[in-house]
Amino acid sequence: MKFILNLLSLMLLTASLCSAYIQPLCHDNERTALLQFKLSLSISKFASHHPFAYPKTESWKSRGNKSDCCLWDGIKCNKESGHVTTLDLSHSYLRGFITSNSTIFSLVHLQTLNLADNDFRNSVIPLEIGCLSNLRHLNLSNSVFSREVPIEISYLRELISLDLSHNALRMREPIFRSLSQNWKALEMIDLSEVNVSSPIPKIFANLTSLIHLALDDCGLHGMFPKDMFFLPNLQLLNVGDNENLVGYLPEFHNGSKLEKLQLRSTRFSGKVPDSIGNLAFLTELDLFRCSFEGSIPYSLGKLTRLTTIDFGSNNFEGQIPTSLGNLTQLEYLSMTGCRLTGNPRLCGSPLSIKCRNSKVQSSPQHHSYDGENEESSALVDWLTVFMGYISGLVVGVILGCIFTDKKHEWFIENFGRGLRHNGRRAW
């Protein structure tokens, strides 16, 4: 009897363990909503550009052993409730319109919505986006959305990442300001090429969880808040291509996690501080077409993880620091348009010193330079040769005239004695 009871207990325990690992079937209303969303769009191989794009919705079936939407491509469900929590249709060749009637807005348990790299035909982001109050990750990048970003997007207070980049969108200042007021947990913001046309609010410096901030080509203006350089977790800061954005580099402290600093085509000015050497994790420094001046700090050579430096079109002057020779990971260096004198430890463009070391010359793929100054140096060489030729020709013609006019007696009388005297001394 005791044996039978033990056996039954073991069977019940096994059954309970198995049930814990069985994925519940998706809910009928959510499966229906997904299938209706699929039918509202078409498949076009011209709608996505990613090399690994494929039509994910082709695996979505309403009948048979593939009717469980939790097993469909791009779908993830909560293991306990069975509700759809992830809809990832990025790079799916989708083409069509997203409207306020789109059934995806009924998936109120969604935590991740990714529709990147599709063609939604200049659709407006519907106000119903605010219904997805559990969203933590929203990616609508490069999907042909247009016009105004709705205020309802600021209602998504659980957001950790927001990517609306590379769309013809406009975000008004109140919504832009609300990013920092409502979303304290934000780790990633990418609004590249979204028309913001406002200053960066100082309150952005309170986003202490921020890791990735890309605001390039957004029409930003005014003064860049210096405190944003000190965000404790920031790894990427890109505010490039905002030609009316003004700013200065601060004194950097040890402990910064910054890896990429991109300020190209802005009105940042002043000097690059020696403390830039404290950015130990920096791999990319892009200051192209700003208004920086003074010398390039020697401490830059401490940043041995650097792969890219672009100092082109600034007002730097003085010697290139020899410490740049320590940057063994460097793949790209540009200083076009800077007033820089030579240094014996550097060679190649933008300097006129040519590389004699075969090891340096045989590895052009590791160091890329602009060639404008090299072309200018070659032009100067040709001009020198040409002027020398002309000078020689003029002198020759004058001497010829002296002899042909029978005035060579004067030449011999004045110079001949000296020549004979010098000739004896030489022998």
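Per-chain numbering applies: the sequence of each chain, read as written, is numbered from 1 onward. pLDDT decides what is reported in this predicted model: residues at 70 or higher carry local features, side-chain atom pairs at 80 or more are listed and counted, and totals for whole chains, interfaces and linings draw on all residues regardless. Side-chain metrics in this entry use all non-hydrogen atoms of the structure; hydrogen atoms and water are not considered.

## Re the state of the cysteines
Note on terminology: pairs of cysteine sulfur atoms within 2.5 Å are recorded as disulfides. Using the criterion set out here, one finds two disulfides in the structure. Between Cys26 and Cys69 runs a disulfide, and the two sulfur atoms are separated by 2.3 Å. One end of the pair, Cys26, is in the loop between helix 1 (2-21) and helix 2 (28-39); the other, Cys69, is in the loop between strand 1 (42-43) and strand 2 (75-77), and 43 residues separate them in sequence. Classification of residues uses two cut-offs on accessible area relative to the type maximum, computed with a 1.4 Å probe and protein chains only: under 20% is buried, over 50% is exposed, and between them is partly exposed. Assessed through its relative accessible area of 0%, Cys69 is described here as buried. Here Cys70 engages in a disulfide with Cys77; their sulfurs sit 2.1 Å apart. Residues Cys70 and Cys77 share a disulfide whose torsion about the S-S bond is about -100°; that sign makes it left-handed. Cys77 carries the same exposure label as Cys70, and that label is buried. Elements are defined by DSSP. Helices are runs of H or I of four residues or more, strands are runs of E of two residues or more, and each kind is numbered from the N terminus.

## Structural notes on the packing of aromatic side chains
Any two aromatic rings considered together are summarised by their centre-to-centre distance and by the angle between their planes. The criterion for an aromatic pair is that two Phe, Tyr or Trp rings (for Trp, the six-membered ring) have centres within 6.5 Å, with stacked assigned to planes under 30 degrees apart, edge-to-face to planes over 60 apart and tilted to the rest. Here the structure, examined in full by the defined rule, presents nine aromatic pairs. Ring geometry for Trp60 and Trp72: centres 5.2 Å apart, planes at 20°, overall stacked. Placement of the pair is Trp60 in the loop between strand 1 and strand 2 and Trp72 in the loop between strand 1 and strand 2, with a sequence separation of twelve residues. Under the relative-accessibility criterion, Trp60 is labelled buried at 1%. Exposure remark for Trp72: the relative accessible area of 3% places this residue in the buried category.

## Some details on empty space enclosed by the protein
Lining residues are those with an atom within 4 Å of a point, where the points come from a 1 Å grid over the protein atoms alone and group into cavities, where a 1.4 Å probe fits but cannot get out, or pockets, open sets with protein on both sides within 12 Å along at least five of seven lines. Grid points are joined across faces, edges and corners, and a volume is the space filled by probe spheres set on the points. Enumeration according to the criterion identifies two cavities of 30 Å³ or more in this entry. One number sums up the size of the largest cavity: a volume of about 50 Å³. As for the largest cavity, its lining consists of Ile98, Ile104, Phe105, Leu113, Leu115, Ile125, Pro126, Ile129, Leu140 and Phe145. Split into classes, the residues belonging to the lining of the largest cavity amount to ten nonpolar, no polar and no charged. Only Asp, Glu, Lys and Arg are considered charged in this grouping, and only Ala, Val, Leu, Ile, Met, Phe, Trp, Tyr, Cys and Pro are considered nonpolar; every other residue, Gly among them, is considered polar.

## Observations concerning the pattern of salt bridges
Side-chain pairs of opposite charge can arise where the charged atoms are in close proximity. Within this document, salt bridges are pairs made up of a side-chain nitrogen of Lys or Arg and a carboxyl oxygen of Asp or Glu, the two lying within 4 Å of each other. Throughout the structure, instances matching the rule amount to nine salt bridges. Glu148 is the salt-bridge partner of Arg170, the closest N and O atoms lying 3.8 Å from each other. Of the two residues, Arg170 is situated in strand 10 (residues 168-170) and Glu148 in strand 8 (residues 145-148); the sequence distance between them amounts to 22 residues. When salt bridges with common partners are traced through the structure, they connect Glu148, Arg170 and Arg172 into a single cluster.

## Looking at the confidence of the model for the protein chain
Any residue range with low pLDDT should be treated as having predicted coordinates unsuitable for detailed reading. On average, residues of the protein chain carry a pLDDT of 82, and 74% of them reach 70 or more. The score called pLDDT rates the predictor's confidence residue by residue, from a low of 0 to a high of 100. Note on contacts: a residue pair is in contact if any heavy atoms of the two residues lie within 4.5 Å. Low confidence marks residues 357-386, where pLDDT is under 50. Its contacts with residues over four positions away, or in another chain, come to 24 contacts.

## Looking at the sheet that holds strand 10
Only strands joined by at least two bridges in the DSSP assignment are considered to pair. Pairing in this open sheet of three strands is parallel, and the strands run 6-8-10 from one edge to the other. The open sheet has two free edges, formed respectively by strand 6 (123-124) and strand 10, since each of these has just one partner strand. Here strand 6 runs beside strand 8; their pairing, made up of two bridges, is parallel. Its bridge partner being in strand 8, Ser123 is matched across the sheet by Phe145.

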